[in-house]
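# Structural characterization, general
Letter by letter, the chains look like this.
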Amino acid sequence: MKSALLTAVGDDQIADFVLAFLNREGVETRFIPRKAGRRTSAVIMAIQPPDRFPLTFYREGCADRELTTDDVGRAPVTSSAIVLVTGTGLSHEPS
């Protein structure tokens, strides 16, 4: 089954890395717009042995919160066999 991702990335080097990785993995990335002036979201996990793995989220000014109805309209949502939606992108107005 083919996979595609609808999200947004910033105009930064993290976006370059993420898009290159997704492309190498065979994920369709043409529905991932770059949002000028925004950052690509990131999560850093620390390893604190033996059993603590705290996460730090970098979401200030993040690109994925800037998806528009036009961005969504360009994605093949209605023709997809399976659609998975997360709530994080809907946690910020004007969702």
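Let me sum up the structure you'll find in this document. Keep in mind it's a predicted model, so treat the numbers as computed, not measured.

Turning next to the overall build of the chain. Looking only at helices and strands, one finds 2 helices and 4 strands in the chain. Reading the helices (α) and strands (β) of the chain from amino to carboxyl end gives β-α-β-β-β-α. Projecting the C-alpha coordinates of the chain onto the three principal axes gives extents of approximately 45 × 30 × 25 Å. Sorting the 95 residues of the chain into buried and exposed places 20% on the buried side. Accessible surface for the chain amounts to roughly 7300 Å². Of this, 56% is attributable to carbon and sulfur atoms. Taking the average location of the 11 positive side-chain charges in the chain and that of its 12 negative ones, the two points are 2 Å from each other.

Cis peptide bonds are those with omega within 30 degrees of zero, and the linkage from Pro49 to Pro50 qualifies with 10 degrees. Tracing the backbone shows Pro50 in the loop between β3 (42-45) and β4 (55-58).

Quick look at the nonpolar core now. Counting residues in hydrophobic clusters, the biggest one holds 6 residues: Val9, Ala15, Leu19, Leu22, Val27 and Ile32. Among the elements that make up this core, the one with the highest residue count is helix α1 (residues 13-24) (3 residues). When near neighbours in sequence (up to four residues on either side) are disregarded, Val9 contacts Ala15, Leu19, Ile32, Pro33, Arg34, Lys35, Thr40 and Ala63.

This paragraph deals with a nonpolar patch on the surface. On the surface, Leu6, Val72, Val77, Val83, Val85 and Leu90 cluster together to form a nonpolar patch covering roughly 480 Å² of accessible area. Looking at where Val83 falls in the secondary structure, it is placed in the segment after α2 (69-74).

A word on the environment of Met1. Tracing the backbone through its elements, the reader meets Met1 in the segment before β1 (3-4). By relative accessible area, which is 85% here, Met1 ends up exposed. A C-alpha to C-alpha distance of 9.8 Å links Met1 and Ile82, two positions 81 residues apart in sequence. Excluding residues that lie within four positions of it along the chain, Met1 makes contacts with Ala81 and Ile82.

Conventions adopted
Residues numbered from 1 in each chain as written. Predicted model: local features only at pLDDT ≥ 70, side-chain atom pairs only at ≥ 80, totals over all residues. Heavy atoms only, no water. Helix = DSSP H or I, 4+ residues; strand = E, 2+ residues; numbered from the N terminus. Buried < 20%, exposed > 50% of the residue type's maximum accessible area, 1.4 Å probe, protein only. Areas by Shrake-Rupley, 256 points an atom, 1.4 Å probe, with all protein chains shown as cover. Lys, Arg positive; Asp, Glu negative; His and termini not counted. Charge placed at Lys NZ, Arg CZ, Asp CG, Glu CD. Core = buried A, V, L, I, M, F, W, Y, C linked by side-chain atoms within 4.5 Å. Contact = heavy atoms within 4.5 Å. Patch = residues over 30% accessible without salt bridge, like charges linked within 9 Å, V, L, I, M, F, W, Y side chains within 5 Å. Salt bridge = Lys/Arg side-chain N within 4 Å of Asp/Glu carboxyl O.

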